[in-house]
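Residue-level listing of the chains:
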Amino acid sequence: MEPAISVVIVSDFELTDQKTWHDEIEVLKAFAAQDFDEPFELIVVENSKFANEVPAILDTIAPDTRVVFTDQTQSAHLKDYGVHQCRGDLVAVIEADCLPNPAWLRTLVQVLREQPDVDVVSGRTWYGDQSLYRRCLNLLHRAFDDYGRPSTSIFISNNGALYRRPVLEAFPYPEAITPFLSSRLRNRRLLEAGHRFFFHPEARMLHAIGGLPFLFDVHRNVGYSDMMQAPHGPTIGSILRVLLQRTKREWSDLRRLGDSYLTGFDRLLLPLFQLVGRCFETVGMVDALLGRRSIPHSAYR
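Every residue gets a number counted from 1 within its own chain, in the order that chain's sequence is written. Given that this is a predicted model, residues contribute local features only at a pLDDT of at least 70 and side-chain atom pairs are listed and counted only at 80 or more, while totals for whole chains, interfaces and linings are drawn from all residues. Note that the side-chain values use all heavy atoms of the structure and ignore hydrogens as well as water.

**Observations concerning the pairing of strand 6 (residues 120-126)**
In regular strands, side chains alternate between the two faces of the sheet.
Stage number 1. For the exposure calls, accessible area comes from a 1.4 Å probe over protein chains only, and a residue counts as buried if that area is under 20% of its type's maximum, exposed if over 50%, partly exposed in between. Runs of H or I in DSSP of at least four residues are treated as helices and runs of E of at least two as strands, each being numbered from the N terminus. Of all 7 residues in strand 6, 7 are buried; the element is thus mostly enclosed.
Stage number 2. Sheet topology places strand 6 next to strand 8 (residues 160-164); 3 bridges connect them, and they run antiparallel. Its bridge partner lying in strand 8, Val120 is registered against Tyr163. Two strands pair under a simple rule: DSSP has to find at least two bridges between them.

Right under this line is the structure:
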């Protein structure tokens, strides 16, 4: 019997050339623990250079798991390749460093089955709430697509979402040097084509988080993507406008969700995180101004 649900798993963040497969192992464990009683397949996609390094444990964690390889290197292209390996009519695409909660798959599948006019559904991504650092970055990085309740949306979470398969096949990721920009461009094209998105907060993913190098990498990619989408293109004159626009969006998220994301003391230090982020984003904007063909030293692919 062919599974009705397929899950494509791709690592978009690799710190070194030595692949550990840690993220893939953990996310497969998370899918093995889903409270979803229908059969579904799991497809891990990776570059061919790692074909001889797959740990045997990957085949034993969850049923109907396949590891497939392609010569592609960018995570966007790896995801597109994985879609063409699927058998299901509903296809989830998830990044390997995001761990879905047990209700993730059941919740998203239910939305698409109960709402035939919805084409893509995703949930909330967060870093956890164990520290001030995580709570502040939750607000700055993850609150933009959090409606706080089940709702139609204008965003697809690139970390993990469930699609109707024809939508994925008709809208592959556009070419871009960073997955941040590629996902934004595809999001916009899907909206322009009239496709409907939905957000459900009960489908939650725990995103991996690092220290200062991680923060720099994220905001450098964000700055590059923001600059490339500036109304007048990448120009020196756009830098201040783009930085102010992002800061304005963050303050809007703070007013909307601050009480559910932050403690009182977190609010005092949030401006410091914003300032650091703007500095790092400026570096990415300079990358765009210089026409770089890749983000130097970035772990994103």
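**Some points on the packing of helix 7 (residues 212-228) against helix 9 (residues 264-289)**
Stage number 1. Fitted lines through C-alpha atoms give the axes, limited to the stretch in contact for helices. The angle between two N-to-C directions lies from 0 to 180 degrees. At a minimum axis separation of 6 Å, helix 7 and helix 9 run at an interaxial angle of 50 degrees. Taken together, the axes of helix 7 and helix 9 lie oblique to each other. The two elements helix 7 and helix 9 meet at a crossing, and its hand is right-handed. Of the residues in helix 9, those in contact with Leu212, Leu215, Phe216, His219, Arg220, Val222, Gly223, Tyr224, Met227 and Met228 of helix 7 are Val276, Gly277, Arg278, Phe280, Glu281, Val283, Gly284, Met285, Asp287 and Ala288.
Stage number 2. Under the convention adopted here, Pro, Cys and the residues Ala, Val, Leu, Ile, Met, Phe, Trp and Tyr are nonpolar, Asp, Glu, Lys and Arg are charged, and Gly plus all remaining residues are polar. Counted by class, the contact of helix 7 with helix 9 contains 12 nonpolar, 4 polar and 4 charged residues. Note on angle classes: values under 35 degrees are labelled roughly parallel, values over 145 roughly antiparallel, values of 65 to 115 roughly perpendicular, and the remainder oblique. Crossing handedness follows the turn of the near helix against the far one: under a right angle anticlockwise gives a left-handed crossing, and clockwise gives a right-handed one. Contacts are residue-level and defined by heavy atoms, with any inter-residue pair within 4.5 Å sufficient.

**Describing helix 2 (residues 75-83)**
Stage number 1. Across the 9 residues of helix 2, 8 count as buried, placing the element largely inside the fold.
Stage number 2. Three or more residues of helix 2 are buried, namely Ser75, Ala76, His77, Leu78, Lys79, Asp80, Gly82 and Val83.
Stage number 3. Buried-residue contacts for helix 2 involve strand 1 (5-10), strand 2 (40-47), strand 3 (65-70), strand 4 (90-95), helix 5 (165-170) and helix 6 (179-192).

**Focus: unusual backbone geometry**
Stage number 1. Even without glycine at this site, Asp64 takes up a positive phi of about 55 degrees.
Stage number 2. Take Asp64: it is sitting in the loop between strand 2 and strand 3.
Stage number 3. Despite not being glycine, His297 shows a phi value in the positive range, around 65 degrees.
Stage number 4. Structurally, the position occupied by His297 is in the segment after helix 9.
Stage number 5. Judged by relative accessible area, His297 falls into the exposed class, the value being 82%.

**Looking at the layout of surface pockets**
Stage number 1. If you add up the space inside the largest pocket, you get close to 1,300 Å³.
Stage number 2. Contributing to the lining of the largest pocket are 44 residues, with Phe144, Phe155, Arg184, Asp226 and Arg246 lying nearest its centre.
Stage number 3. Mapped onto the lining of the largest pocket, the elements with two or more residues apiece are helix 4 (132-142), helix 6, helix 7 and helix 8 (238-261).
Stage number 4. For the lining of the largest pocket, a count of residues per class yields 18 nonpolar, 12 polar and 14 charged.
Stage number 5. A volume near 520 Å³ is recorded for the second largest pocket.
Stage number 6. Using protein atoms alone on a 1 Å grid, points that fit a 1.4 Å probe yet trap it form a cavity, whereas open point sets bounded by protein on both sides within 12 Å along at least five of seven lines form a pocket; residues with an atom within 4 Å of a point count as lining. Considering the residues around the second largest pocket, the lining is formed by 28 residues, among which Phe13, Glu14, Leu15, Thr16 and Ala299 are closest to the centre. Grid points are joined across faces, edges and corners, and a volume is the space filled by probe spheres set on the points.

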